[in-house]
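These are the residues of each chain, in order.
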Amino acid sequence: MAEIGYRSGTLCVEGVPLDRIADAVGTPAYVYSAGAIEAAYRRFRAAFEGQDATICYALKANSNLAVIALLARLGAGADVVSKGELRRALAAGVPPSRIVFSGVGKTRAELEFAHETGIRQINVESLNELEVLSEVATRLGRKARIAIRVNPDVDALTHAKISTGKAENKFGIDLAHARAAFARAAALPGLEPQAVAVHIGSQLTSIEPFRLAFGRIVHLVERLRADGIAIKSLDLGGGLGIRYRAEAPPEIEDYAAMVKDVTAGTGCSLAFEPGRFLVGNAGLLLTRVLYVKEGATRRFVVLDAAMNDLLRPALYEAFHEIAPVRQPAADAERSPVDVVGPVCETGDTFATQRPLPMLIEGDLVAILSAGAYGAVMSSTYNSRPLLPEVLVSGDRFDVVRPRQSYEQLLGLDRIPDWLQGKGA
Ligand SMILES: *Cc1c(COP(=O)(O)O)cnc(C)c1O
(Lines give C-alpha, C1' and ligand atoms only; values in the text may rest on other atoms or scores of the structure.)
Protein backbone atom coordinates (compact mmCIF):
# COMPACT_ATOMS: atom_id res chain seq x y z
CA MET A 1 0.00 0.00 0.00
CA ALA A 2 1.62 3.21 -1.20
CA GLU A 3 0.19 5.31 1.65
CA ILE A 4 2.11 3.26 4.22
CA GLY A 5 5.81 2.78 3.55
CA TYR A 6 9.39 3.80 4.32
CA ARG A 7 10.58 7.29 3.46
CA SER A 8 14.10 8.43 4.33
CA GLY A 9 14.55 5.38 6.52
CA THR A 10 11.39 5.80 8.61
CA LEU A 11 8.03 4.10 8.27
CA CYS A 12 5.47 6.75 7.38
CA VAL A 13 1.72 6.95 7.00
CA GLU A 14 1.31 9.31 4.06
CA GLY A 15 3.49 12.32 4.89
CA VAL A 16 3.80 11.62 8.61
CA PRO A 17 6.69 9.61 10.11
CA LEU A 18 5.39 7.27 12.77
CA ASP A 19 7.94 8.34 15.40
CA ARG A 20 6.31 11.78 15.33
CA ILE A 21 2.95 10.24 16.14
CA ALA A 22 4.49 8.14 18.91
CA ASP A 23 6.02 11.30 20.42
CA ALA A 24 2.70 13.13 20.25
CA VAL A 25 0.24 10.50 21.50
CA GLY A 26 2.40 7.78 23.02
CA THR A 27 2.16 4.07 22.34
CA PRO A 28 0.36 1.87 21.69
CA ALA A 29 -1.87 3.74 19.24
CA TYR A 30 -3.90 2.98 16.15
CA VAL A 31 -2.99 5.00 13.06
CA TYR A 32 -5.16 5.18 9.94
CA SER A 33 -4.49 6.63 6.50
CA ALA A 34 -7.37 8.68 5.14
CA GLY A 35 -5.79 8.48 1.70
CA ALA A 36 -5.72 4.68 1.77
CA ILE A 37 -9.36 4.47 2.85
CA GLU A 38 -10.35 6.90 0.12
CA ALA A 39 -8.34 5.00 -2.50
CA ALA A 40 -9.98 1.69 -1.55
CA TYR A 41 -13.44 3.26 -1.66
CA ARG A 42 -12.80 4.86 -5.06
CA ARG A 43 -11.59 1.53 -6.48
CA PHE A 44 -14.74 -0.21 -5.27
CA ARG A 45 -16.90 2.59 -6.62
CA ALA A 46 -15.12 2.65 -9.98
CA ALA A 47 -15.53 -1.11 -10.40
CA PHE A 48 -19.32 -0.63 -10.40
CA GLU A 49 -19.29 2.57 -12.46
CA GLY A 50 -22.52 3.07 -14.37
CA GLN A 51 -24.47 0.58 -12.27
CA ASP A 52 -27.11 1.31 -9.66
CA ALA A 53 -24.93 0.16 -6.76
CA THR A 54 -24.91 1.45 -3.19
CA ILE A 55 -21.81 0.85 -1.10
CA CYS A 56 -22.86 0.42 2.50
CA TYR A 57 -19.67 0.43 4.56
CA ALA A 58 -19.86 -2.28 7.24
CA LEU A 59 -19.21 -0.17 10.31
CA LYS A 60 -18.24 -3.05 12.49
CA ALA A 61 -14.82 -3.20 10.78
CA ASN A 62 -13.88 0.22 12.13
CA SER A 63 -16.55 2.44 13.60
CA ASN A 64 -14.55 5.51 14.58
CA LEU A 65 -16.76 8.50 13.73
CA ALA A 66 -13.97 10.12 11.71
CA VAL A 67 -13.60 7.02 9.54
CA ILE A 68 -17.35 6.86 8.96
CA ALA A 69 -17.50 10.59 8.22
CA LEU A 70 -14.67 10.24 5.70
CA LEU A 71 -16.51 7.47 3.87
CA ALA A 72 -19.85 9.25 4.14
CA ARG A 73 -18.32 12.31 2.51
CA LEU A 74 -17.22 10.13 -0.40
CA GLY A 75 -20.81 8.95 -0.81
CA ALA A 76 -20.79 5.70 1.12
CA GLY A 77 -23.78 4.37 3.00
CA ALA A 78 -23.56 2.15 6.06
CA ASP A 79 -24.28 -1.41 7.08
CA VAL A 80 -25.01 -1.45 10.80
CA VAL A 81 -25.61 -4.32 13.19
CA SER A 82 -26.77 -2.56 16.35
CA LYS A 83 -28.47 0.59 17.57
CA GLY A 84 -25.05 1.87 18.61
CA GLU A 85 -23.72 1.51 15.09
CA LEU A 86 -26.85 3.09 13.64
CA ARG A 87 -26.33 6.06 15.95
CA ARG A 88 -22.71 6.26 14.86
CA ALA A 89 -23.71 6.24 11.19
CA LEU A 90 -26.23 9.04 11.75
CA ALA A 91 -23.82 11.05 13.90
CA ALA A 92 -21.16 10.82 11.19
CA GLY A 93 -23.55 12.11 8.54
CA VAL A 94 -24.60 8.99 6.65
CA PRO A 95 -28.04 9.66 5.12
CA PRO A 96 -30.69 7.19 6.41
CA SER A 97 -31.56 6.37 2.80
CA ARG A 98 -28.16 4.66 2.52
CA ILE A 99 -28.25 2.66 5.75
CA VAL A 100 -29.06 -1.05 5.98
CA PHE A 101 -29.46 -2.87 9.29
CA SER A 102 -28.18 -6.46 9.48
CA GLY A 103 -27.91 -8.91 12.33
CA VAL A 104 -29.40 -12.10 13.63
CA GLY A 105 -30.59 -10.74 16.97
CA LYS A 106 -32.06 -7.27 16.70
CA THR A 107 -34.09 -6.24 19.74
CA ARG A 108 -37.54 -4.71 19.53
CA ALA A 109 -36.05 -1.38 20.63
CA GLU A 110 -33.46 -1.56 17.85
CA LEU A 111 -36.11 -2.36 15.24
CA GLU A 112 -38.24 0.55 16.46
CA PHE A 113 -35.33 2.97 16.32
CA ALA A 114 -34.30 1.79 12.84
CA HIS A 115 -37.83 2.02 11.52
CA GLU A 116 -38.43 5.46 13.00
CA THR A 117 -35.18 6.66 11.49
CA GLY A 118 -36.49 5.64 8.06
CA ILE A 119 -33.42 3.73 6.91
CA ARG A 120 -33.13 2.19 3.46
CA GLN A 121 -33.71 -1.37 4.55
CA ILE A 122 -33.82 -3.78 7.46
CA ASN A 123 -32.30 -7.16 6.66
CA VAL A 124 -34.46 -9.70 8.46
CA GLU A 125 -32.87 -12.99 9.47
CA SER A 126 -35.69 -15.12 10.90
CA LEU A 127 -39.44 -15.74 10.76
CA ASN A 128 -39.77 -14.51 14.34
CA GLU A 129 -38.08 -11.24 13.44
CA LEU A 130 -40.59 -10.80 10.57
CA GLU A 131 -43.46 -10.99 13.05
CA VAL A 132 -41.85 -8.60 15.54
CA LEU A 133 -40.90 -6.05 12.90
CA SER A 134 -44.35 -6.13 11.31
CA GLU A 135 -45.89 -5.49 14.71
CA VAL A 136 -43.51 -2.60 15.39
CA ALA A 137 -44.09 -1.06 11.97
CA THR A 138 -47.86 -1.44 12.16
CA ARG A 139 -47.91 0.32 15.51
CA LEU A 140 -45.78 3.15 14.13
CA GLY A 141 -48.08 3.41 11.10
CA ARG A 142 -45.72 2.90 8.19
CA LYS A 143 -44.50 -0.17 6.34
CA ALA A 144 -40.94 -1.31 6.91
CA ARG A 145 -38.81 -1.86 3.82
CA ILE A 146 -37.09 -5.16 4.25
CA ALA A 147 -34.74 -7.64 2.73
CA ILE A 148 -34.71 -11.21 3.86
CA ARG A 149 -31.22 -12.51 4.44
CA VAL A 150 -30.88 -15.90 2.88
CA ASN A 151 -28.39 -18.57 3.86
CA PRO A 152 -27.22 -20.08 0.55
CA ASP A 153 -25.31 -22.97 2.16
CA VAL A 154 -22.03 -22.10 0.50
CA ASP A 155 -18.61 -22.75 1.98
CA ALA A 156 -16.78 -19.42 1.98
CA LEU A 157 -13.44 -21.24 2.34
CA THR A 158 -12.38 -18.85 5.08
CA HIS A 159 -11.69 -19.16 8.82
CA ALA A 160 -14.50 -21.10 10.56
CA LYS A 161 -15.16 -18.23 12.97
CA ILE A 162 -15.91 -15.79 10.15
CA SER A 163 -17.80 -18.14 7.83
CA THR A 164 -21.50 -17.22 7.82
CA GLY A 165 -23.12 -18.78 4.77
CA LYS A 166 -23.11 -22.49 5.59
CA ALA A 167 -26.34 -24.24 6.54
CA GLU A 168 -24.99 -24.85 10.05
CA ASN A 169 -24.27 -21.14 10.62
CA LYS A 170 -26.76 -19.04 12.59
CA PHE A 171 -27.23 -16.47 9.84
CA GLY A 172 -30.14 -15.96 7.47
CA ILE A 173 -33.03 -18.17 6.43
CA ASP A 174 -32.06 -21.25 4.47
CA LEU A 175 -32.84 -21.26 0.79
CA ALA A 176 -35.38 -24.06 1.06
CA HIS A 177 -37.54 -21.90 3.36
CA ALA A 178 -36.87 -18.55 1.71
CA ARG A 179 -39.96 -18.52 -0.54
CA ALA A 180 -42.24 -19.30 2.37
CA ALA A 181 -40.59 -16.55 4.40
CA PHE A 182 -41.10 -14.01 1.64
CA ALA A 183 -44.72 -15.11 1.28
CA ARG A 184 -45.21 -14.60 5.01
CA ALA A 185 -43.53 -11.18 4.82
CA ALA A 186 -45.80 -10.15 1.94
CA ALA A 187 -48.87 -11.25 3.93
CA LEU A 188 -47.91 -9.31 7.06
CA PRO A 189 -49.44 -5.82 7.30
CA GLY A 190 -46.30 -3.96 8.37
CA LEU A 191 -43.76 -5.18 5.85
CA GLU A 192 -42.71 -4.33 2.34
CA PRO A 193 -40.32 -7.04 1.10
CA GLN A 194 -38.14 -5.50 -1.59
CA ALA A 195 -34.78 -7.22 -1.55
CA VAL A 196 -32.85 -10.41 -1.01
CA ALA A 197 -29.70 -10.17 1.11
CA VAL A 198 -26.77 -12.53 1.44
CA HIS A 199 -23.41 -12.38 3.24
CA ILE A 200 -21.42 -15.59 3.30
CA GLY A 201 -18.41 -14.67 5.38
CA SER A 202 -15.40 -12.47 5.79
CA GLN A 203 -11.85 -12.46 4.40
CA LEU A 204 -12.81 -14.49 1.32
CA THR A 205 -9.83 -15.00 -0.93
CA SER A 206 -11.59 -16.90 -3.69
CA ILE A 207 -14.27 -15.58 -6.02
CA GLU A 208 -16.04 -18.91 -6.52
CA PRO A 209 -18.05 -19.01 -3.26
CA PHE A 210 -19.42 -15.57 -4.11
CA ARG A 211 -20.37 -16.71 -7.62
CA LEU A 212 -22.10 -19.79 -6.28
CA ALA A 213 -24.02 -17.86 -3.60
CA PHE A 214 -25.06 -15.01 -5.89
CA GLY A 215 -26.21 -17.49 -8.54
CA ARG A 216 -28.49 -19.13 -6.00
CA ILE A 217 -29.86 -15.74 -4.98
CA VAL A 218 -30.62 -14.77 -8.58
CA HIS A 219 -32.44 -18.06 -9.08
CA LEU A 220 -34.47 -17.33 -5.94
CA VAL A 221 -35.38 -13.88 -7.24
CA GLU A 222 -36.86 -15.43 -10.38
CA ARG A 223 -39.00 -17.75 -8.32
CA LEU A 224 -40.08 -14.97 -5.95
CA ARG A 225 -41.19 -12.87 -8.88
CA ALA A 226 -43.19 -15.81 -10.17
CA ASP A 227 -44.78 -15.87 -6.70
CA GLY A 228 -45.78 -12.23 -7.21
CA ILE A 229 -43.18 -10.64 -4.93
CA ALA A 230 -41.55 -7.60 -6.48
CA ILE A 231 -37.86 -7.89 -5.68
CA LYS A 232 -36.15 -4.67 -6.69
CA SER A 233 -32.79 -4.97 -5.08
CA LEU A 234 -30.02 -7.41 -4.17
CA ASP A 235 -27.83 -6.88 -1.12
CA LEU A 236 -24.73 -8.93 -1.82
CA GLY A 237 -23.01 -8.37 1.52
CA GLY A 238 -19.30 -7.87 2.13
CA GLY A 239 -16.53 -10.32 2.73
CA LEU A 240 -13.97 -9.50 0.07
CA GLY A 241 -10.57 -10.44 1.49
CA ILE A 242 -7.41 -8.38 1.70
CA ARG A 243 -3.73 -9.28 1.67
CA TYR A 244 -2.28 -9.81 5.14
CA ARG A 245 0.59 -12.01 4.00
CA ALA A 246 0.66 -14.07 0.82
CA GLU A 247 -3.06 -14.28 0.12
CA ALA A 248 -4.21 -13.50 -3.40
CA PRO A 249 -7.72 -12.15 -2.87
CA PRO A 250 -9.83 -11.45 -5.96
CA GLU A 251 -9.23 -8.10 -7.60
CA ILE A 252 -12.25 -5.86 -7.10
CA GLU A 253 -12.53 -5.48 -10.89
CA ASP A 254 -12.84 -9.27 -11.31
CA TYR A 255 -15.36 -9.43 -8.48
CA ALA A 256 -17.40 -6.68 -10.15
CA ALA A 257 -17.29 -8.45 -13.52
CA MET A 258 -18.52 -11.65 -11.86
CA VAL A 259 -21.36 -9.77 -10.14
CA LYS A 260 -22.35 -8.14 -13.40
CA ASP A 261 -22.31 -11.50 -15.14
CA VAL A 262 -24.40 -13.28 -12.50
CA THR A 263 -26.94 -10.51 -11.87
CA ALA A 264 -27.38 -9.38 -15.50
CA GLY A 265 -31.01 -9.55 -16.50
CA THR A 266 -32.44 -9.25 -12.99
CA GLY A 267 -32.96 -5.51 -13.34
CA CYS A 268 -32.17 -5.23 -9.65
CA SER A 269 -30.29 -2.40 -8.02
CA LEU A 270 -27.35 -3.61 -5.97
CA ALA A 271 -26.04 -2.97 -2.49
CA PHE A 272 -22.69 -4.06 -1.09
CA GLU A 273 -21.45 -4.16 2.49
CA PRO A 274 -17.66 -4.09 2.36
CA GLY A 275 -15.86 -3.58 5.66
CA ARG A 276 -12.37 -5.02 5.73
CA PHE A 277 -11.74 -4.18 2.05
CA LEU A 278 -12.15 -0.46 2.71
CA VAL A 279 -10.16 -0.07 5.91
CA GLY A 280 -8.11 -3.20 6.66
CA ASN A 281 -4.86 -2.25 4.98
CA ALA A 282 -5.35 1.44 5.77
CA GLY A 283 -4.47 1.11 9.44
CA LEU A 284 -1.72 -0.10 11.74
CA LEU A 285 -1.08 -0.57 15.41
CA LEU A 286 1.94 1.47 16.50
CA THR A 287 3.68 -0.08 19.47
CA ARG A 288 7.01 -0.01 21.29
CA VAL A 289 9.34 -2.80 22.35
CA LEU A 290 9.38 -2.97 26.14
CA TYR A 291 11.81 -5.82 26.61
CA VAL A 292 13.73 -8.36 24.63
CA LYS A 293 13.86 -11.49 26.68
CA GLU A 294 15.87 -14.63 26.14
CA GLY A 295 13.70 -17.63 27.04
CA ALA A 296 15.01 -21.15 27.55
CA THR A 297 14.40 -22.09 23.92
CA ARG A 298 13.50 -18.89 22.13
CA ARG A 299 13.74 -15.12 22.14
CA PHE A 300 10.69 -13.02 23.08
CA VAL A 301 10.04 -9.46 21.99
CA VAL A 302 7.61 -7.97 24.53
CA LEU A 303 5.55 -5.09 23.14
CA ASP A 304 3.48 -2.49 24.96
CA ALA A 305 0.48 -3.57 22.84
CA ALA A 306 -1.44 -6.70 23.77
CA MET A 307 -4.27 -9.00 22.76
CA ASN A 308 -6.80 -6.65 24.34
CA ASP A 309 -5.73 -3.99 21.83
CA LEU A 310 -5.65 -6.27 18.76
CA LEU A 311 -7.51 -9.52 19.25
CA ARG A 312 -7.23 -11.05 15.78
CA PRO A 313 -4.09 -13.14 16.34
CA ALA A 314 -5.49 -14.63 19.56
CA LEU A 315 -9.00 -15.09 18.18
CA TYR A 316 -8.32 -16.29 14.64
CA GLU A 317 -4.61 -17.09 14.71
CA ALA A 318 -4.47 -14.26 12.21
CA PHE A 319 -1.20 -13.19 10.62
CA HIS A 320 -0.16 -9.54 10.77
CA GLU A 321 3.00 -8.22 9.18
CA ILE A 322 5.28 -6.60 11.76
CA ALA A 323 7.54 -3.79 10.57
CA PRO A 324 10.18 -1.87 12.52
CA VAL A 325 9.60 1.88 12.25
CA ARG A 326 13.31 2.49 11.67
CA GLN A 327 13.98 0.86 8.31
CA PRO A 328 16.32 -2.11 8.63
CA ALA A 329 19.25 -2.36 6.23
CA ALA A 330 18.42 -4.41 3.15
CA ASP A 331 20.92 -7.05 4.21
CA ALA A 332 20.01 -6.97 7.91
CA GLU A 333 20.12 -10.41 9.45
CA ARG A 334 16.73 -11.78 10.51
CA SER A 335 16.26 -14.26 13.30
CA PRO A 336 13.07 -15.88 14.59
CA VAL A 337 11.39 -14.28 17.60
CA ASP A 338 8.07 -14.59 19.38
CA VAL A 339 6.35 -11.22 19.49
CA VAL A 340 4.13 -11.01 22.55
CA GLY A 341 2.17 -8.56 24.68
CA PRO A 342 2.15 -8.02 28.45
CA VAL A 343 -1.22 -9.68 29.17
CA CYS A 344 -1.31 -12.74 31.41
CA GLU A 345 -2.37 -15.20 28.71
CA THR A 346 -0.21 -17.33 26.47
CA GLY A 347 -2.65 -16.43 23.68
CA ASP A 348 -1.30 -12.89 23.95
CA THR A 349 1.06 -13.55 21.06
CA PHE A 350 1.23 -11.50 17.87
CA ALA A 351 3.68 -13.73 16.06
CA THR A 352 5.48 -17.01 16.67
CA GLN A 353 9.01 -17.66 15.45
CA ARG A 354 8.79 -14.68 13.10
CA PRO A 355 12.02 -13.81 11.32
CA LEU A 356 12.63 -10.17 12.23
CA PRO A 357 15.67 -7.94 12.14
CA MET A 358 17.31 -7.23 15.49
CA LEU A 359 15.02 -5.24 17.77
CA ILE A 360 16.06 -3.57 21.01
CA GLU A 361 14.21 -2.04 23.90
CA GLY A 362 12.57 1.24 22.98
CA ASP A 363 12.26 0.45 19.26
CA LEU A 364 8.98 1.34 17.61
CA VAL A 365 7.27 -1.32 15.52
CA ALA A 366 4.08 -1.27 13.47
CA ILE A 367 1.66 -4.17 13.33
CA LEU A 368 0.27 -3.73 9.84
CA SER A 369 -3.16 -4.34 8.28
CA ALA A 370 -4.86 -3.50 11.57
CA GLY A 371 -7.40 -1.01 10.22
CA ALA A 372 -10.26 -3.52 10.29
CA TYR A 373 -11.42 -5.50 13.33
CA GLY A 374 -8.67 -3.90 15.39
CA ALA A 375 -9.72 -1.02 17.64
CA VAL A 376 -13.37 -2.09 17.44
CA MET A 377 -12.62 -5.46 19.02
CA SER A 378 -10.42 -4.07 21.76
CA SER A 379 -11.24 -4.31 25.43
CA THR A 380 -9.83 -3.09 28.71
CA TYR A 381 -8.78 -6.59 29.80
CA ASN A 382 -6.07 -6.40 32.46
CA SER A 383 -7.40 -2.85 33.08
CA ARG A 384 -5.49 -1.52 30.14
CA PRO A 385 -7.08 1.72 28.87
CA LEU A 386 -8.50 1.81 25.33
CA LEU A 387 -5.99 3.09 22.79
CA PRO A 388 -5.96 6.41 21.00
CA GLU A 389 -6.79 6.47 17.30
CA VAL A 390 -5.06 8.82 14.89
CA LEU A 391 -6.16 9.73 11.37
CA VAL A 392 -3.46 10.87 8.95
CA SER A 393 -4.27 12.90 5.86
CA GLY A 394 -1.30 14.07 3.84
CA ASP A 395 1.07 15.88 6.20
CA ARG A 396 -1.42 16.30 9.02
CA PHE A 397 -2.60 13.97 11.71
CA ASP A 398 -5.48 14.27 14.11
CA VAL A 399 -6.32 12.34 17.23
CA VAL A 400 -9.76 11.00 16.38
CA ARG A 401 -10.08 9.24 19.73
CA PRO A 402 -7.92 10.16 22.71
CA ARG A 403 -6.44 7.52 24.94
CA GLN A 404 -8.88 6.48 27.66
CA SER A 405 -7.86 7.95 31.01
CA TYR A 406 -7.60 5.95 34.21
CA GLU A 407 -10.40 8.12 35.63
CA GLN A 408 -12.66 7.01 32.76
CA LEU A 409 -11.57 3.43 33.13
CA LEU A 410 -12.23 3.22 36.86
CA GLY A 411 -15.19 5.60 36.71
CA LEU A 412 -17.38 2.99 35.05
CA ASP A 413 -17.56 0.93 38.24
CA ARG A 414 -19.57 1.59 41.40
CA ILE A 415 -18.90 0.25 44.89
CA PRO A 416 -22.24 -0.39 46.63
CA ASP A 417 -22.98 1.39 49.92
CA TRP A 418 -22.60 -1.73 51.99
CA LEU A 419 -19.03 -2.18 50.82
CA GLN A 420 -18.00 1.41 51.48
CA GLY A 421 -16.16 2.48 54.60
CA LYS A 422 -14.01 0.38 56.86
CA GLY A 423 -14.31 -3.37 56.99
CA ALA A 424 -14.33 -5.43 60.13
C1 LIG B 1 -19.24 -8.43 8.92
C2 LIG B 1 -20.26 -8.17 7.90
C3 LIG B 1 -19.92 -7.46 6.73
C4 LIG B 1 -18.53 -6.99 6.44
O5 LIG B 1 -17.64 -8.02 6.20
P6 LIG B 1 -16.18 -7.70 5.64
O7 LIG B 1 -15.55 -9.02 5.57
O8 LIG B 1 -15.51 -6.81 6.62
O9 LIG B 1 -16.35 -7.06 4.32
C10 LIG B 1 -20.92 -7.20 5.83
N11 LIG B 1 -22.21 -7.62 6.04
C12 LIG B 1 -22.55 -8.30 7.14
C13 LIG B 1 -23.97 -8.72 7.31
C14 LIG B 1 -21.60 -8.60 8.10
O15 LIG B 1 -21.96 -9.29 9.18
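These numbers were taken from a predicted model, which means no experiment stands behind them.

Criteria and cut-off values
Residues numbered from 1 in each chain as written. Predicted model: local features only at pLDDT ≥ 70, side-chain atom pairs only at ≥ 80, totals over all residues. Heavy atoms only, no water. Core = buried A, V, L, I, M, F, W, Y, C linked by side-chain atoms within 4.5 Å. Buried < 20%, exposed > 50% of the residue type's maximum accessible area, 1.4 Å probe, protein only. Helix = DSSP H or I, 4+ residues; strand = E, 2+ residues; numbered from the N terminus. Domains from an automatic or database assignment. Contact = heavy atoms within 4.5 Å. Buried area = accessible area lost by both parts, 1.4 Å probe. Salt bridge = Lys/Arg side-chain N within 4 Å of Asp/Glu carboxyl O. Polar contact = N/O pair within 3.5 Å; in protein donor to acceptor, adjacent residues only side chain to side chain. 1 Å grid on protein atoms, 1.4 Å probe; cavity = no way out; pocket = protein on both sides within 12 Å on 5 of 7 lines; lining within 4 Å. Points joined across faces, edges and corners; volume = space filled by probe spheres on them. Nonpolar A, V, L, I, M, F, W, Y, C, P; charged D, E, K, R; others polar. Pairing = 2+ DSSP bridges. Near = heavy atom within 4 Å. Sits in = over half its atoms within 2 Å of the grid points. Axes fitted to C-alpha atoms, helices over the stretch in contact; angles between N-to-C directions. Parallel < 35°, antiparallel > 145°, perpendicular 65-115°, else oblique.

**Remarks on the nonpolar core**
In summary, soluble globular proteins display a tendency toward joint burial of nonpolar side chains. Grouped together as the largest cluster of nonpolar side chains are 103 residues, with contacts concentrated most on Phe48, Val196, Phe214 and Tyr255. Among the elements that line this core, the one with the most residues is helix 8 (residues 208-226), at eight residues. Counting residues domain by domain, this core receives three or more from each of domain 1 (4-31 + 280-410) and domain 2 (34-277). When near neighbours in sequence (up to four residues on either side) are disregarded, valine 196 contacts Ala147, Ile148, Val150, Phe182, Ile217, Leu220, Val221, Leu224, Ile231, Ser233, Leu234 and Asp235. By size, the runner-up hydrophobic cluster in this structure holds 19 residues, among which are Leu18, Ile21, Leu284 and Val392.

**A few points about the domain arrangement of the protein**
When its domains are assigned, the protein resolves into domain 1 (4-31 + 280-410) and domain 2 (34-277). Domain 1 and domain 2 are separated by 32 Å when their C-alpha centres are compared. Listed as interface residues are 22 residues of domain 1 and, on the opposing side, 20 residues of domain 2. Counting the surface lost from both domain 1 and domain 2, the interface buries some 1900 Å², and carbon and sulfur atoms represent 54% of this. The largest per-residue losses of area from domain 1 upon contact with domain 2 belong to Tyr316, Phe319 and Tyr373, which jointly make up 31% of the total buried on that side. For the pair domain 1 and domain 2, the number of links is zero salt bridges. At the junction of domain 1 with domain 2, the criterion picks out ten residue pairs in polar contact (both at pLDDT 80 or more). Elements represented by at least two residues in the side of domain 1 that touches domain 2 include exactly helix 11 (312-316), strand 20 (389-393) and strand 21 (396-401).

**With respect to the layout of surface pockets**
Taken as a whole, the second largest pocket holds about 630 Å³ of empty space. Looking at the second largest pocket, it is lined by 35 residues, and the ones nearest its centre are Lys60, Val81, Thr164, Phe171 and His199. Residue composition of the lining of the second largest pocket, grouped by class: 13 nonpolar, eleven polar and eleven charged. If you count residues domain by domain, the lining of the second largest pocket takes at least three from each of domain 1 (4-31 + 280-410) and domain 2 (34-277).

**Examining the pairing of strand 19 (residues 364-367)**
Burial along strand 19 is two-sided: Leu364 and Ala366 facing one way and Val365 and Ile367 facing the other are all buried. Bridge count between strand 16 (residues 322-324) and strand 19: three bridges; the pairing is antiparallel. Within the sheet, the bridge partner assigned to isoleucine 322 lies in strand 19 and is isoleucine 367.

**Structural notes on the site of the ligand**
For the ligand, the set of nearby residues contains 15 residues, the closest of which are Lys60, Ser202, Glu273, Arg276 and Tyr373. At a separation of 3.5 Å, a nitrogen atom of the ligand approaches a polar side-chain atom of histidine 199. Placement of the ligand is best described as lying within the second largest pocket.

**Examining the packing of helix 6 (residues 127-140) against helix 7 (residues 175-187)**
One way to put it is that helix 6 packs onto helix 7 with a least axis distance of 10 Å and a crossing angle of 10°. It follows that helix 6 is roughly parallel to helix 7 by the angle criterion. Across the interface between the two elements, Leu127, Leu130 and Glu131 of helix 6 pack against Ala181, Arg184 and Ala185 of helix 7.

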